[in-house]
Amino acid sequence: MFAVLQFPGSNDDRDMVFAMKSVLGADARLVWHKDAALPVGTQSVLLPGGFSYGDYLRCGAMARFSPIMAAVKRFAEAGGPVLGTCNGFQVLCEAGLLPGALLCNRDLAFICAPTHLRVERATAPFTSRATRGQVLQIPIKHGEGRYHLTADQLERLEANQQVMLRYCTPDGDVTDAVNPNGSVASIAGVCNEAGNVMGLMPHPEHAVEALTGSLDGRAILGSLIDFVGHAR
Amino acid sequence: MKAAALVEPIVDHQLAREHGLSDEEWQRILDILGRTPTFSELGIFSVMWSEHCSYKSSRVHLKNLPTTGEHVLVGPGEGAGAVAIGDGLAVIFKIESHNHPSFIAPTQGAATGVGGILRDIFSMGARPIASMDSIRFGPLDDPKHRRLLEGVVRGIGGYGNSVGVPTVGGETSFHECYRGNILVNAFNLGIVEADSIFLGLATGIGNPVIYAGSKTGRDGIHGASLLASAEFDADSEAKLPTVQVGDPFTEKCLIEACLEAMRTGVIVGIQDMGAAGLTCSSFEMASRAESGIEMDLDRVPQRAANLSPYELLLSESQERMLLVTRAGEEQRVLDIFERWDLDAVVVGRVTGDGRMKVRWHGETVVDIPVDPVAANAPMYDRKQSVPADLAARQKLDLASIEVESDPQAALEALLDSPNLGSKAWIWRQYDSLVLANTVIGPGGDAALIRVKREDGTPTQKAVAMSVDCNPRWCWLDPRAGTIAAVAESARNVACTGARPLALTNCLNFGNPEKPEIMWELAESIRGLGEAAEALGTPVISGNVSLYNETSGRAIFPTPTIAAVGLLEDVERHAVSHFEEAGLAIVLLGDTREELGGSEWLHLRRGLEAGLPPSVDLAHELRLQRLLADLIATALVRTAHDVSNGGLAIALAECSFSGPAGVRIGARVELGDGIRIDALLFGESTGRVLVATGNADAVLERARAVDVPARRIGTTGGPRLVIGPWIDAELASLETIWARAIPRRLEQA
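Trainee: Is there a simple way to think about the overall build of chain B in this case?
Mentor: Counting its secondary structure elements, chain B contains 27 helices and 28 strands. Against the 2.2 N^0.38 benchmark of 27 Å for 748 residues, chain B shows a C-alpha radius of gyration of 26 Å, consistent with a compact globule. The principal-axis extents of the C-alpha atoms in chain B amount to approximately 85 × 55 × 45 Å. For chain B, with 748 residues in total, the buried portion stands at 62%. Intrachain contacts of chain B at a sequence separation of at least 6 include 83% that bridge at least 24 residues.

Here is the structure:
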């Protein structure tokens, strides 16, 4: 079962449940941020997008103090797969489960647009359905998505192959012109050292139906479903 | 510390005047009460009888609009109107103005406009699923208007993105007439189970009245009366304290808490505290239920110290709701708000005596009958006169206008104008995807939104919506211009394949106390009624914004129309871009020699004159039905309305890269024996471009329903070629179009 966390101000929580359950057929349910424990049977935790606590302080800075986050940390430390999208990515960085931070976009404005992403690492649990170098079309919608790391951190991240996705052209070229928010090394998604926690700014849950634009989000969410299926 | 004693000004007819009440209205108050009102009571009368809350200048005309129909569940008078869409579901929608606040404080003014219309929707039990905005500014060469555009867009995006409701469409235009008074009209649509619509009713004697949401502060006092119901002058910025401040995070929690609370079944009535705050909501709820309310202001959650009863009653602090629940069961509702960390307090009870009684510090500060204030507000049939310069406005001798000598340069100039250029700079800043229903988002003729049930189950249905007005046409002929706005909005909806169901409207005009403005308003409402009747699309909600003037100069009459339609099978829809090369391009509708009020005439000849193009409403209806048929049977996958800038602009728009990022050119032959500028850039109504793989079938079906149709060309290639007049590389045209707004904002 996928536990989709619901913080006050989460916006894509119901969309994540819709994508996982109604579209992809997995068991997914909302879990309230004030709960102290994850439901029995949780196989993976999803932190959705939105503006938790209004993001009035710093994105994700308040949500990491929600009671459920201690349980998520324990779950992650025990090797459970955790995926954060957009605000969920920001929360994971604030909670120390992923390196780096997300700053205001380079041009200081919110951007809602389709982006192309090059898959840099095609492994379970998050990208086993993709191939390395494959280009996915998945939208972004954020005001604070410029991924930032120190030079040392970036070097370690690249060396450990923790970069999962980079913004690219439709043909897979990583260029500054198609880096929508000024992220360091065009990074759109990363994982932790152990590879069981991933964060990305694009919204795979908004790319699961041809009717609403793209099917490419299935490469990520479907991988996670495959992984959980195998784990069961 | 001892609470400060109540120190209030002396209430007399002078103070009433300062509150915007006429001497006649002051006398009426004295007659109703049989005594001099208290200061709080005077405040209540002034907001409840303000133009903004009472529609006192427009009601006499609005009552003639068609507002009923087989699908209409709730018409005007509630927070918003509701229309059944089958399968036990209904849509609830409305558009509302936030013009004056947005001129003074663009970001907060626009943000709270979005927040306010959302509350009108979810207070009726619907989940808001789509927002649109109609925004109008002065010319972008004015740095103040660049700042206003940026601020308004930041406000709409900042609120909408954070609250988690997609902004899926809208319109933006620029004109000299808005230099002293911009327009910000916010639309929202929600989905509800048709048998679970909540109304603003304070029924059931003894039932508790609950205040829920944000605490009350000093912001927005007299927003409805002094700000929204009066003209601007040079000192308008001094009105800043009348503007409210928005908190989308609280609104998001409020949406979830209210929808959850409604499922308990113990709520009997609920209403947003919008204009005139606690006063307007409580009076309207009591008035509709023919009941009374007694309230204790000391229980109202407060965020500022020493708020007076006057301030508590009139504050327009945002994100607040008033609820009435069944007695004894209020705790279930209070617990839900508690879970969402929102204030919720019982502040009073429903009574049966038809009076509003308000206590503060143990003292009665308000005791007035409900109905004379709410339901029987003053109503004026104001004097009208035809504008003295109307004949001059409408005068246009086409024969004396030099024919366009460089059509390609004209096309480029039109694409580069902010009114016709791409609006992507604006809508890229809006989350148009959240809720995972957006089939067609910003940039299309109409937005198309798939319908899901509250539990997340998708249906086959989708709703289409579009917001439209050509203010120049309305200035040249308010009645004809309004008819054209209704026709265009409905046509845009029809271009997705949907059947237009109903309308909402936001009537933005100048000072109704001036007979020429009043004539414009009355003419416009007449046109709205005629078009709504002819197209079978009743007007189910709306808003009137008057006094849009600065230093005596009124805006162009701007009746913003939003049409909403239903598509039964979302898979069978059309988009507004060419998707495939080698398809036949068919033009539905006739092109006439009409250049009055056109963008071409304004941009290339510096004239705003003439009569707007004529509208044949019977043809519009036939055209809409034909489109629904062509799209439902998959003969047509691309349909695009021909409007501002005419056929050449419409062809370019179809060719430019759509959401899929593909650019597909066209080769077109025209030749109707009319002057070429009218052929290329004329704005004759009732026309739609379609692309089809089977032109013969399309022509045959058009002929069968008496819609003029002719094949004019073929899709494909990297160029746009129109007869001998235009032969341009699409990529360069698209760059001009895409840069129209950004390049102007980039000037210092």
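The rest of the description comes next.
Trainee: Just to check I follow, could you spell out the interface of chain A and chain B for this structure?
Mentor: Many analyses report the size of an interface as the accessible area lost when the parts associate. Taken together, the 25 residues of chain A in the interface contact 28 residues of chain B. If you list the elements that add at least two residues to the side of chain A that touches chain B, you get helix 1 (13–23), strand 6 (111–119) and strand 7 (135–142) of chain A. Counting residues per element, the side of chain A that touches chain B draws most heavily on helix 1 of chain A, at five residues. A breakdown of the residues in the side of chain A that touches chain B according to their chemical character gives 13 nonpolar, eight polar and four charged.

Trainee: For this particular structure, what's the right way to read the sheet that holds strand 6 (residues 183–193) of chain B?
Mentor: In any sheet, the strands associate via hydrogen bonds between backbone groups, in a parallel or an antiparallel arrangement. All names here are of chain B. Pairing within the open sheet is mixed, and its six strands lie in the order 1-2-3-6-4-5. If you trace the sheet from one side to the other, it starts and ends with strand 1 (72–74) and strand 5 (167–174), each paired once. Sheet twist, expressed as the average angle between the axes of neighbouring strands with direction ignored, equals 20°. Looking at chain direction, strand 1 and strand 2 (residues 81–86) are connected through two bridges and run antiparallel. Within strand 2, the position partnered with Val74 by the bridge is Ala82.

Trainee: I tried to follow the packing of helix 19 (residues 478–494) of chain B against helix 22 (residues 617–632) of chain B on my own but got confused; where do I start?
Mentor: Helix packing for two helices is described by the angle between their axes and how far apart those axes are. All names here are of chain B. Running from N to C, helix 19 and helix 22 cross one another at 10°; their axes reach a closest spacing of 9 Å. In terms of orientation, helix 19 and helix 22 fall into the roughly parallel class. The hand of the helix 19/helix 22 crossing is left-handed. Along the contact surface, helix 19 presents Ala487, Ala490, Arg491 and Ala494, while helix 22 presents Leu617, Glu620, Leu623, Gln624, Leu627 and Ala628. A class-by-class count of the residues in the contact of helix 19 with helix 22 yields seven nonpolar, one polar and two charged.

Trainee: How should the sheet that holds strand 6 of chain A be read in this particular structure?
Mentor: Residue and element names in this part refer to chain A. Ordered by their spatial adjacency, nine strands build an open sheet running 2-1-3-4-11-10-9-6-7, and the pairing between neighbours is mixed. Across the chains shown, the open sheet's two edge strands, defined by having one partner strand only, are strand 2 (28–32) and strand 7. In this sheet, adjacent strand axes meet at a mean angle of 25° when their direction is disregarded. Taken together, the four bridges between strand 4 (residues 82–85) and strand 11 (residues 197–200) define a ladder with parallel strand orientation. Pairing of Thr85 across the sheet is with Leu200, part of strand 11. Contacting strand 1 (2–6), strand 2, strand 3 (44–47), strand 4 and strand 11, helix 2 (residues 67–77) runs over the sheet at an angle of about 125° to strand 4.

Trainee: What am I meant to see in the pairing of strand 10 (residues 320–325) of chain B here?
Mentor: Remember that side chains alternate between the two faces of the sheet whenever the strand is regular. Residue and element names in this part refer to chain B. Burial runs high along strand 10: six of the six residues are buried. Bridge analysis of strand 7 (residues 208–213) against strand 10 gives five bridges, and the strand direction is antiparallel. For Ile210, the partnering residue across the bridge sits in strand 10 and is Leu323. Of the strand pairs in this sheet, strand 8 (residues 267–272) and strand 10 are connected by five bridges, and their pairing is antiparallel. Residue pairing in the sheet places Ile270 in a bridge with Leu323 of strand 10.

Trainee: What should I look at first to understand the nonpolar core in this one?
Mentor: Residue and element names in this part refer to chain B. In this structure, Met48, Ile92, Val463, Met465, Val486 and Leu651 are the most contacted members of the largest nonpolar core, which totals 313 residues. The leading source of residues in this core is helix 20 (residues 515–535), at 10 residues. Filtering out sequence-adjacent residues up to four positions away, Val486 remains in contact with Leu503, Leu528, Ala531, Ala532, Leu535 and Ile561.

So, how was this worked out
- Residues numbered from 1 in each chain as written.
- Chains lettered and ligands numbered in written order.
- Predicted model: local features only at pLDDT ≥ 70, side-chain atom pairs only at ≥ 80, totals over all residues.
- Helix = DSSP H or I, 4+ residues; strand = E, 2+ residues; numbered from the N terminus.
- Rg over C-alpha atoms; globule rule 2.2 N^0.38 Å.
- Buried ≥ 20, exposed ≤ 12 C-beta atoms within 10 Å, placed from the backbone.
- Contact = placed C-beta atoms within 7 Å.
- Nonpolar A, V, L, I, M, F, W, Y, C, P; charged D, E, K, R; others polar.
- Pairing = 2+ DSSP bridges.
- Axes fitted to C-alpha atoms, helices over the stretch in contact; angles between N-to-C directions.
- Parallel < 35°, antiparallel > 145°, perpendicular 65-115°, else oblique.
- Left-handed = near helix turned anticlockwise from the far one by under 90°.
- Core = buried A, V, L, I, M, F, W, Y, C linked by C-beta atoms within 7 Å.

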